[in-house]
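Residue-level structural notes
Residue strings, one per chain:
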Amino acid sequence: MSVPQFVAAAALFGHTHRPFLKVVGDVLVMNPSDVYPGAEELCDGLDNDCDDELDEGSAGVPTTRTLIFDIADLSSPQLIGTYTGGLAAIDHNLYVRSDYTYQANYRGGLRLLDNDDIANGNLTEVGFFDIYPADNSPDFNGAWNVYPFFPSGVVIVSGIEQGLFILDVSSA
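Right, let's walk through the structure included here.

Okay, the sheet that holds strand β5 (residues 94-97) next. Pairing is antiparallel across the open sheet formed by 4 strands, whose spatial order is β5-β6-β7-β8. Two strands close off the open sheet at either side, each with one partner strand: β5 and β8 (124-129). Pairwise comparison of adjacent strand axes, ignoring direction, gives a mean angle of 20° for this sheet.

Here it is in structure tokens:
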């Protein structure tokens, strides 16, 4: 009887700015520098010690950056594109639901990205809601997280200092 090549007790596929592949259980654990040259640490969700939010600004990345990988073949993930947001704000959490990526960008707020051409490594910003309008510098204020999975289509954005925003993004 053969054992499946990829069996996961925990699997993490990417992060908004330090992508990696890691399968805890049987097989695949990649060195972060194999996927993201210069990465110092995996944000694996196990030790809550993630300093991966520091590439914007201090690590020579001038704007929000999301790396897009094709993981159809887990033994050989392929970087297929890079989305550059144009703001200096730090991207924090992102979620894909249907045709859109919902991205929390600390001081840049919610960024709504269209996934229509993601197979070719492209994302397109189609909307945003800025909860920290003072600036877009790479600091830890503003949008901590977003949640786009309510059946109603409502999206919530939690702000570190601002509180909770409840948004209708249906016309974006």
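Picking up after the structure, the text goes on.
Tyr 102, Ala 104, Leu 110, Leu 112, Ile 131, Ala 143, Val 146, Val 155, Val 157, Leu 167 and Val 169 form the largest nonpolar core, which has 11 residues in total. Setting aside residues no more than four positions away along its own chain, Val 169 makes contact with Tyr 102, Leu 110, Leu 112, Gly 153 and Val 155.

We note that Ser 98 has phi near 60°; this positive angle belongs to a residue other than glycine. For Ser 98, the position within the fold is in the loop between β5 and β6 (100-105). Residue Ser 98 is classed as exposed on the basis of its relative accessible area of 64%.

Take the sheet that holds strand β10 (residues 154-159) next. Spatially, β9-β10-β11 is the arrangement adopted by the 3 strands of the open sheet, whose pairing is antiparallel. A single partner strand is all that each edge strand has here, and the edge strands are β9 (143-147) and β11 (163-168). This sheet shows a mean twist of 20° between the axes of neighbouring strands, independent of strand direction. Relative to β11, β10 runs antiparallel, the two being bridged by 6 bridges.

Its location among the elements puts Asn 115 in the loop between β7 (109-114) and β8. For Asn 115, a relative accessible area of 9% puts it in the buried group. Dropping the residues within four chain positions of it, Asn 115 is found in contact with Val 96, Ser 98, Asp 99, Tyr 100, Thr 101 and Leu 123.

This brings us to the pairing of β9. Sheet topology note: the β9/β10 ladder contains 4 bridges and is antiparallel. For Asn 145, the partnering residue across the bridge sits in β10 and is Ser 158. Hairpin remark: β9 followed by β10, antiparallel, with 6 residues in the connecting loop; positive phi at Gly 153, about 90°.

Here Asn 120 shows up in the loop between β7 and β8. Judged by relative accessible area, which is 55%, Asn 120 ranks as exposed. Considered as a pair, Asn 120 and Asp 70 are 50 residues apart in the sequence and their alpha carbons are 9.5 Å apart.

Quick look at the side chain of Thr 101 now. Mapped onto the elements of the fold, Thr 101 is located in strand β6. A distance of 2.7 Å separates a polar atom in the side chain of Thr 101 from a polar atom in the side chain of Asn 115. For Thr 101, the residues in contact, after removing those within four places along its chain, are Leu 94, Tyr 95, Val 96, Arg 111, Leu 112, Leu 113, Asn 115 and Leu 123.

Moving on to the packing of aromatic side chains. Enumeration according to the criterion identifies 7 aromatic pairs in this entry. A centroid spacing of 5.4 Å and a plane angle of 75° characterise the contact between Tyr 147 and Phe 149, whose relative ring orientation is edge-to-face. Judged by its relative accessible area of 34%, Phe 149 is partly exposed. Ring geometry for Tyr 147 against Phe 150: centres 5.0 Å apart, planes inclined by 70°, an arrangement best described as edge-to-face.

What counts and what doesn't
Residues numbered from 1 in each chain as written. Predicted model: local features only at pLDDT ≥ 70, side-chain atom pairs only at ≥ 80, totals over all residues. Heavy atoms only, no water. Pairing = 2+ DSSP bridges. Helix = DSSP H or I, 4+ residues; strand = E, 2+ residues; numbered from the N terminus. Axes fitted to C-alpha atoms, helices over the stretch in contact; angles between N-to-C directions. Core = buried A, V, L, I, M, F, W, Y, C linked by side-chain atoms within 4.5 Å. Buried < 20%, exposed > 50% of the residue type's maximum accessible area, 1.4 Å probe, protein only. Contact = heavy atoms within 4.5 Å. Polar contact = N/O pair within 3.5 Å; in protein donor to acceptor, adjacent residues only side chain to side chain. Phe/Tyr/Trp six-rings, centres within 6.5 Å; stacked < 30°, edge-to-face > 60°.

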